Amino acid sequence: MADSISHEHARHMRRALTPPEAQLWTQLKGRKLEGLKFRRQHPIGPYILDFYCAERNLAVEVDGMIHGDPDQARHDERRTTWLALQEVSVLRVASCDVRDDVEGVLNAIRDAAFTRKA
């Protein structure tokens, strides 16, 4: 469960999506992908997930160039480990892949959603 600070921060982040996040959101909102309901900038515990599908316990994270930084990569790994303990799978996609191959990203999300045990 996220605290009220996380909820407020998530609310702010929903209004400030990056261009790749906004592009992906247009493809996910309204159950457009296989009828799956995604939430954007969804808080879970101390983290805010870019996109989250509760029925499949799947987080989709859109990673920009900062995620190549060693410190950020270690943070991402700790975050993924914590989420796995909460039974949330994490699919990381590069922001340039969203920009250049959104269909490929949607296929990867579809595969992750339906190959994972619910």
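A brief report on the enclosed structure follows. Note that the structure is predicted; figures quoted are calculated from it, not measured.

Before going further, it helps to spend a moment on the pattern of salt bridges. In the structure shown here, the tally under the stated rule is six salt bridges. A salt bridge links R110 to E34, with the shortest nitrogen-to-oxygen separation between them at 2.9 Å. Note that R110 is positioned in helix α5 (residues 102-115) and E34 in the loop between α2 (19-28) and β1 (39-44), a separation of 76 residues in sequence. Assessed through its relative accessible area of 23%, R110 is described here as partly exposed. The class for E34 is partly exposed, based on a relative accessible area of 48%. Between D100 and R99 there is a salt bridge, and its shortest N-O distance comes to 2.9 Å. When its relative accessible area of 54% is taken as the criterion, R99 is described as exposed. Through salt bridges with shared partners, a single ionic network connects D63, D76 and R92.

The next subject is the sheet that holds strand β4 (residues 89-94). With mixed pairing, four strands are arranged side by side in an open sheet as β1-β2-β3-β4. Either end of the sheet is taken by a strand with one partner, and the two such strands are β1 and β4. Each neighbouring strand pair of the sheet contributes to a mean axis angle of 45°, computed without reference to strand direction. Packing of helix α3 (residues 70-85) onto the sheet brings it into contact with β1, β2 (47-53), β3 (58-63) and β4, and relative to β2 it is tilted by some 60°.

The full count for this structure, using the stated rule, is two aromatic pairs. Ring centres of Y47 and W82 lie 5.5 Å apart, and the angle between their planes is 65°; this geometry places the pair in the edge-to-face category. A residue pair is termed long-range when its members are at least 10 positions apart, and Y47 in strand β2 and W82 in helix α3 qualify at 35 residues. The class of Y47 is buried, set by a relative accessible area of 15%. Since its relative accessible area comes to 26%, W82 is described here as partly exposed.

What counts, and at which threshold
- Residues numbered from 1 in each chain as written.
- Predicted model: local features only at pLDDT ≥ 70, side-chain atom pairs only at ≥ 80, totals over all residues.
- Heavy atoms only, no water.
- Salt bridge = Lys/Arg side-chain N within 4 Å of Asp/Glu carboxyl O.
- Helix = DSSP H or I, 4+ residues; strand = E, 2+ residues; numbered from the N terminus.
- Buried < 20%, exposed > 50% of the residue type's maximum accessible area, 1.4 Å probe, protein only.
- Pairing = 2+ DSSP bridges.
- Axes fitted to C-alpha atoms, helices over the stretch in contact; angles between N-to-C directions.
- Contact = heavy atoms within 4.5 Å.
- Phe/Tyr/Trp six-rings, centres within 6.5 Å; stacked < 30°, edge-to-face > 60°.

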